[in-house]
Amino acid sequence: MTIEDTDSGVDRPLHSDQTPREWVQNNLFSSALNSGISVVSAVFAGLVLYFGVGWALNVDWEIVRANLRNFMIGQFPKDELWRPWAGGLALVAGVGVGSAGMARNAFDDATDKGLSTERPTWIGLLRRFWPILAFIGLVLTFTRTIQPTLGVLAGLGLFVAGRVIGWNMPQSIRRFSLHIIGIGVLALFTIVAGSGGLVAVVGGFMAATIVSTAVGDRLNRTVLGGKISALVLPAMGAAAVWLVMSSINSFGYGWKEWGGLYLTLFVTVAGISTGMPLGILLAIGRRSQLPVVKGFCVMFIEFIRGVPLISLLFFSGFMLPLLFPPSAEIPDGITRAMIVITLFSAAYIAEIVRGGLQAVPQGQIEAAQAQGLSTGRIQRLIVMPQALRAVIPAMVGQFISLFKDTSLLAIIGVAEFLQIATIANTQQDFLGKGLQPITYTFVAVGYWAFAYTMSKESRRLETRLGVGTR
Amino acid sequence: MLERILRLTLILAVLAGAYIALWAARRSVKGSANGPPPWRDTKVLVIAAQVATLGVLITVGDYLWANFRARTDEIGLDLNFDFLDQPSGISIADNPLDPNSSIQNALLAGVKNTFLIFIVGIPLAVLLGTLIGVARLSTNWLLSKIATIYVEFFRNIPTLLVIVFTWQALLLGFPREQDSWLIRGSSTPADSGPPALEGLFIFNNKRFAFPSIAGGENFLAYQVVFLIGMVIAIGVWIWRTRTFNATGTPHRRILWSLATLTVIGVAGYFALSSPFSVSRPIIEQRIASGGIKMQMPYVAVMFGLVLYTASHIAEIVRGSIMSVPKGQVEAGNALALSGFQRYRFVVLPQAFRVAFPPLINQFLNYTKNTSLAIAVGFAETTGVIQNLFGQSRPAPQLLLILMLIYLALSLILSAIGNLINRRLQIVGR
Amino acid sequence: MIRRGNALKRTAGVVMALGLVATACSSSSDGDADSNTSDSVAAEEPVDTEVVESTQSEGGRLAAVQAAGAVECGGNDTLPGFGIIDADGAFSGFDIDFCKVVAAAVLGDSEAVNVTPLVAAQRFPTLQSGEIDVLIRNTTWTASRDGAEQANFLQTTFFDGQGFMVRSDSGIASLEDAANTTICVLQGTTTLLNLNAVLGDRGIPFTPLEFESNDELQPAFVAEQCEVWTSDASQLASFAANLDIDTTVLPDIISKEPLGPVVADGDTEWAQVVNWAVMATIQAEEFGITSENIDSFADSEDSGIRRFLGLPIEDDDGNAVVAEVGLGLPTDFASNIISQVGNYGEIFERNLAPLGLERGPNALWTEGGLMYVPPFR
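Residues numbered from 1 in each chain as written. Chains lettered and ligands numbered in written order. Predicted model: local features only at pLDDT ≥ 70, side-chain atom pairs only at ≥ 80, totals over all residues.

Caption draft 1: Representation of the overall build of chain B in the model. In terms of regular secondary structure, chain B is built from twelve helices and ten strands. In terms of overall dimensions, chain B is more spread out than a globule: its C-alpha atoms have a radius of gyration of 31 Å, far above the 22 Å expected for 429 residues. Principal-axis analysis of the C-alpha atoms gives chain B an extent of 100 × 70 × 50 Å. Buried residues in chain B amount to 35% of all 429 residues. Counted over contacts in chain B with a minimum sequence separation of 6, partners at least 24 positions apart contribute 66%. (Helix = DSSP H or I, 4+ residues; strand = E, 2+ residues; numbered from the N terminus. Rg over C-alpha atoms; globule rule 2.2 N^0.38 Å. Buried ≥ 20, exposed ≤ 12 C-beta atoms within 10 Å, placed from the backbone. Contact = placed C-beta atoms within 7 Å.)

Caption draft 2: View of the interface of chain B and chain C. At the junction of the two partners, chain B supplies 51 residues and chain C supplies 49 residues. Residue contributions to the side of chain B that touches chain C peak at twelve residues, all from helix H2 (residues 42-75) of chain B. Here the side of chain B that touches chain C is composed, by residue class, of 25 nonpolar, 18 polar and eight charged. (Nonpolar A, V, L, I, M, F, W, Y, C, P; charged D, E, K, R; others polar.)

Caption draft 3: Broad picture of helix H6 (residues 219-247) of chain B. Taking 1.5 Å of rise per residue, the 29 residues of H6 of chain B would be expected to cover 42 Å, and the 41 Å separating its terminal C-alpha atoms lies within 8% of that figure. Downstream of H6 of chain B by one or two residues, Gly248 of chain B has phi in the positive range, about 90 degrees. (Expected span 1.5 Å × (residues − 1).)

Caption draft 4: Structural view of the nonpolar core. In terms of nonpolar packing, the biggest core is built from 250 residues, with Leu313 of chain A, Ile163 of chain B together with Val102 and Ala277 of chain C touching the most fellow members. Among all residues touching Ala277 of chain C, those that are not within four sequence positions of it are Val101, Val102, Ala105, Phe333 and Ile337 of chain C. Residues Leu89, Ala90, Ala93 and Val211 of chain A belong to the second largest nonpolar core, which totals 27 residues. (Core = buried A, V, L, I, M, F, W, Y, C linked by C-beta atoms within 7 Å.)

Caption draft 5: Summary view of the environment of Leu127 of chain B. Inspection of the secondary structure assignment puts Leu127 of chain B in helix H3 (residues 103-136). Between the C-alpha atoms of Leu127 of chain B and Val306 of chain B, which are 179 residues apart in sequence, the distance is 9.5 Å.

Caption draft 6: Local environment of the domain arrangement of chain C. Residues and elements named next belong to chain C. Domain boundaries assigned for chain C yield domain 1 (60-157 + 260-367) and domain 2 (161-258). Computed over C-alpha atoms, the centres of domain 1 and domain 2 are 31 Å apart. Taken together, the residues of the side of domain 1 that touches domain 2 break down into seven nonpolar, six polar and no charged. (Domains from an automatic or database assignment.)

Caption draft 7: The interface of chain B and chain A, seen in detail. In this assembly, 40 residues from chain B lie in contact with 41 residues from chain A. At the level of secondary structure, the elements contributing two or more residues to the side of chain B that touches chain A comprise H2, helix H4 (141-155), helix H5 (159-173) and helix H12 (395-426) of chain B. Across the side of chain B that touches chain A, the residue classes break down as 24 nonpolar, eleven polar and five charged.

Caption draft 8: Molecular detail of the confidence of the model for chain C. Residue and element names in this part refer to chain C. When the pLDDT values of chain C are averaged, the result is 82; 84% of them are 70 or greater. The lowest-confidence element of chain C is helix H1 (residues 3-26), averaging 51 in pLDDT; the highest-confidence one is strand S6 (residues 134-135), averaging 95. For residues 1-5, every residue scores under 50 in pLDDT, and the model assigns this stretch one contact once sequence neighbours within four places are set aside. Across residues 23-58, where pLDDT falls below 50, the model places 76 contacts with residues more than four positions away in sequence or in other chains. In the predicted assembly, ipTM is 0.86 and pTM is 0.86. (pLDDT = per-residue confidence, 0-100.)

Right under this line is the structure:
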């Protein structure tokens, strides 16, 4: 019987063949030097734990309790709080269904190919996501009413139900698992902030791909049908969705009052998703043979990568308003920061994707050319899937990095997660009491929970995709 | 904007039309079999694409520039750099910067501070990172677990928080100036004000002071002697290497060179009769003199960044060591190399080659992360520029200067890195 | 095929094409860059005994605000007493209350205000670009800001000054004693500039320690990393009241810091609207009108008060008319302000008194302070 070691993805025997005493002997006290190191380390670790846990349990966490809503969602008005909750539940349901669908697809794929693989288990999910669950539990201990707990339980229930549904969906729906996750994200954003502009565009794009894939099988048998399914139908689907979403734009509340952890997560997800298409284009442009295109892409990427994010945020605060025509309305601070973060992510993603593109063997392209595929088809069907598959771990690394870097938004006055700690320390009840370590520790735990989970997932993906073992 | 797009499209259409007309005319004159028409000719398409791209870029750039000029004219912002000559009103701790000197000087002082964080911190980060990376691979379970926890802790919290936590730890861990920790020193109470402190080392939460060398009468002569000694030591190094290459006896060139240098240094010291003395730090009436002082915010920023970057470097080192083929390690064992020798001669040189490009990336990140220093009170480049923003100095020019400074640092660093990388790749396959 | 010839032709073609494109694109008259400043003339209405509708201007910021239905106010979110975000997520503070005063005056609803938190360096760029209608963020009135920054400073709401705070047991009693000390400064305003100017003139050397936020500055001061904390006297007082250690504020005030609302240059109508709205609070305190007792003034015999509150005044013929001063504000703007937000004294009591601040120079002129406003006639 084997279990999956979530650290390395390698199967190892459940029972070691050493007795506990032997294990201690071999691992901790195998030599004089080793014994010394073990003793010193044990003492050090013990002291840190003792003082750390002792401090955490003895100190007064009232400042966090009082500002919990500020920490989680910033200044979002109290009577609109149903929006983030509803949106969050929609997201959780979408992620549950979609992730189970993708897992089932992978499982079926592997079984068909005869590779050994195990079904995902609830215990496995728990082991992978325990930091986030622990952090949510910690936050719930600070709440004063029962509603947040009920909400979280509802979310868990939806997730479990979604997983079950997603695992057992028919293949025709299961192949849209990634789109289902996307629908969840869009639902969240629509419910909270309205559906105009970018959201409508993304929604339209997703509708286009769904329609094109669903209908494509039947139409792609003829050349005309292929063109229809590739261009006309997606365009119609996209336009329809865009019209619908634009008309219900006023349903949302707008994002001016967002703040706290919610804003941090949103900026990260939005930054990476808007930066990714731009980054892929930049990467392709950088590898192009045309000097003008290549020169521009190189200059852009090297410039953005060479300056600190703080200076780019200053740019969004001071220079970007000056680049709009004098009679136009200047977008608010968060929107400008999002523009700059998109450019920032695009440059870093471009470098990552460039590495992936370099990793695709030239033979693949030559074989595709021998088959008579056009350049566009080669990129879309042969090169990109391989390149992107190879860089997913690095992409997750970039996601984590951006997540941590959002703490710099405080420089331009945006009230994201870290800034709320400063705001809490300025309130009259807590002014001058030296409570900074408490708030900063809470913020650090929050960041750590999410970033650690993501980095473990990245390493798990790395092993699963077999990156670096070829 | 619409106007510009239309104008651009018109120009491009006219150019295309002209070329096609030219081609048609040439074809009708010369006859057939002249190659593909322009709209299918890759040579033409390549140029056309670039012309179109350039057109779009220029149009967009011009549009943004026009908006920029219009808005800055509206608010009366001067777009020159004259403000650089005005008095800055900025003073920086432990820096002889005169607040009445120009803004240029203040910026230079800030850059010098950035450089200070960088030059001391990077070697420390590499050292700590390598140690922790190796510790993660240790057979001692406790040590490897602690190293893992270190890496997973520092890698997953924002850099700003690491710096702030380090600073808070130093602030609370070290005593105030009156109660400084002195090593081989004494504290004498003064009639008024704080006691006078002097010692070999002074540690408090304002500054860390170390002893340094104060030149005496013959210091210049001694420096010349030392320089000569270094040249001779290099000569010894080369001699020992040649001996090793010729005969195979262990060169021990480090020992030999150091020994030569020490002998010449000591001999010079006694021959020249006290060319220098140890300058012990003294703090009297809050004025610190003698020795080398580091202000605590500087130590906090540097140490915080070292801890943070070391966690990333540890992962890189670990990955690079694991990338060395197992066969190399086994061959080393077969040759009866000790653990240390195996690391020193077999594993680390190969691992270093793999680790070097990501290491350069981490150095670049370190440089960019120094911009967070003002959070804990250390005024480096970004801090000075933020101060100037607060004085309502022109923002676009300041921003340009800030970006160019960091861009220059990054480009120089990656150029040096690429140079070294290329040399590393030449050796071997 | 003669490669060289073709290459030459190709290059020439590219250069020519690029040149044409470049000249065509960059030689542009900027059709989109028209300036947007429009000076609207305040409607001139004779002050007579007829009931007149409050006039709305044709262009300008007042009309824009009335159309938008909310006042865009630039404020602070990390300054104790003046602008903070409380535990419920709402803005509160002295400056925030004055934002509400403007909203109550112009729109009749003190909650019709959107506060944008700004860092110090963003204050004037945001005002100049038109993102905010009024800047009420502890901003000091100086000549260069009136001039170069194209700002228009209005009635000072708080007279402050840069002061110094030390521990009571540090033995520092005056600035001269503070020679060679480490002085903690908050970054982003002219504090360090003033410090260097004044201490430089007096020949007092010091070591500056500049922090980005009070979150680090305050522990540094408490742990004695710096002996002196310099900031606006109001900030020092609010921290002194809350710190665990005994502190003394030195008697030296080295700069004048009159704080007040700011609007952008060029729109006199809007500037006057904001100015008179703010001054109404001070006038109300002078009249003794508070949010609690405002109803009792409905029957007041004092024509000055009646004019101020927009109450009808009976003339000799028995007609009741409401005076109209022609600012573009509704006639009962002062009533709205006082009943919804309060008078100056109430605003001060609500936000600054809990921090231990005394009225000092911010008292009414009748009580020895500097708060004196022109009459509402």
